[in-house]
Amino acid sequence: MAVKFIAGPPPARQKNVKHALIVEQLKAHPNQWAEIQQKETSARASSAAQAIRSAQLSSYAPAGSFQAIARTVVENNVPRFVVLARYVGRPDRAA
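Scope of this entry: the structure provided in the associated data block. Since we're looking at a predicted model, the values are computed, not measured. (Residues numbered from 1 in each chain as written. Predicted model: local features only at pLDDT ≥ 70, side-chain atom pairs only at ≥ 80, totals over all residues. Heavy atoms only, no water.)

## Looking at the nonpolar core
For step 1, the next point in the chain: If you look at the biggest cluster of nonpolar residues, it comprises 14 residues, and the most contacted ones within it are Leu26, Ile36, Ile52, Tyr60, Phe66 and Val83.
For step 2, the next point in the chain: Going through the elements one at a time, helix 1 (17-28), helix 2 (42-53), strand 2 (66-75) and strand 3 (78-87) are the ones with two or more residues in this core.
For step 3, the next point in the chain: Examining the composition of this core, we find that four residues originate from one element, helix 2, more than from any other.
For step 4, the next point in the chain: Those residues within four positions of Tyr60 in sequence are excluded, and the remaining contacts are His19, Ile22, Val23, Ile36, Ile52, Ala55, Ser65 and Phe66. (Core = buried A, V, L, I, M, F, W, Y, C linked by side-chain atoms within 4.5 Å. Buried < 20%, exposed > 50% of the residue type's maximum accessible area, 1.4 Å probe, protein only. Helix = DSSP H or I, 4+ residues; strand = E, 2+ residues; numbered from the N terminus. Contact = heavy atoms within 4.5 Å.)

As structure tokens, then:
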């Protein structure tokens, strides 16, 4: 069996890859709103938006770096519950 040497172990708690990819895209287009998720209910969309704003999901840290809102979008008389977000930059540390 071959042994693979690495620089060190990965962090005990890695960031969610899905959210890390979303963050990368949002940072590439600062201040531009993007539809990033669709949820089953408006409550779940609102909860996801709050988790992004408060950086409960570590990919969106520090808190205040991203704005997020939940909206109900009706297409062909069918509602969709979406989360929109944008990267606004790191909050002012002097405040």
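There's more to say after this.
## Quick look at the environment of Gln50
For step 1, the next point in the chain: Mapped onto the elements, Gln50 comes out in helix 2.
For step 2, the next point in the chain: As for Gln50 and Asn77, which are separated by 27 residues in sequence, their C-alpha atoms are 27 Å apart.
For step 3, the next point in the chain: A distance of 2.8 Å separates the side chain of Gln50 from the side chain of Arg53, its partner in a polar contact. (Polar contact = N/O pair within 3.5 Å; in protein donor to acceptor, adjacent residues only side chain to side chain.)

## Some remarks on the side chain of Arg80
For step 1, the next point in the chain: Among the structural elements, Arg80 can be located in strand 3.
For step 2, the next point in the chain: Of note is the side chain of Arg80, whose polar atom sits 2.9 Å from the side chain of Glu35.
For step 3, the next point in the chain: Every residue in contact with Arg80, bar those within four places of it in the chain, is listed here: Glu35, Gln38, Arg71, Thr72, Val73 and Glu75.

## Things to note about the sheet that holds strand 3
Think of a sheet as strands paired side by side through backbone hydrogen bonds, with each pair either parallel or antiparallel.
For step 1, the next point in the chain: Here three strands make up an open sheet; going across it, the order is 1-3-2 and the pairing antiparallel. Looking at strand neighbours, the two that pair on one side only are strand 1 (34-39) and strand 2, the edges of this open sheet. When the angles between neighbouring strand axes are averaged without regard to direction, this sheet yields 30°.
For step 2, the next point in the chain: As judged from the five bridges shared by strand 1 and strand 3, these two strands associate in the antiparallel manner. (Pairing = 2+ DSSP bridges. Axes fitted to C-alpha atoms, helices over the stretch in contact; angles between N-to-C directions.)

## Remarks on helix 2
For step 1, the next point in the chain: Here helix 2 contains twelve residues, and its C-alpha end-to-end distance of 17 Å stays within 8% of the 16 Å for a straight helix at 1.5 Å per residue.
For step 2, the next point in the chain: For helix 2, the set of buried residues is Ala45, Ala48, Ala49, Ala51 and Ile52. The buried residues of helix 2 occupy an angular sector of 160° when the element is viewed end-on, so they sit on one face.
For step 3, the next point in the chain: Where helix 2 ends, the next residue or the one after it, Ala55, has phi of about 60°, a positive value. (Expected span 1.5 Å × (residues − 1). Arc of directions from axis to C-beta.)

Keep in mind these numbers describe shape, not what the thing actually does.
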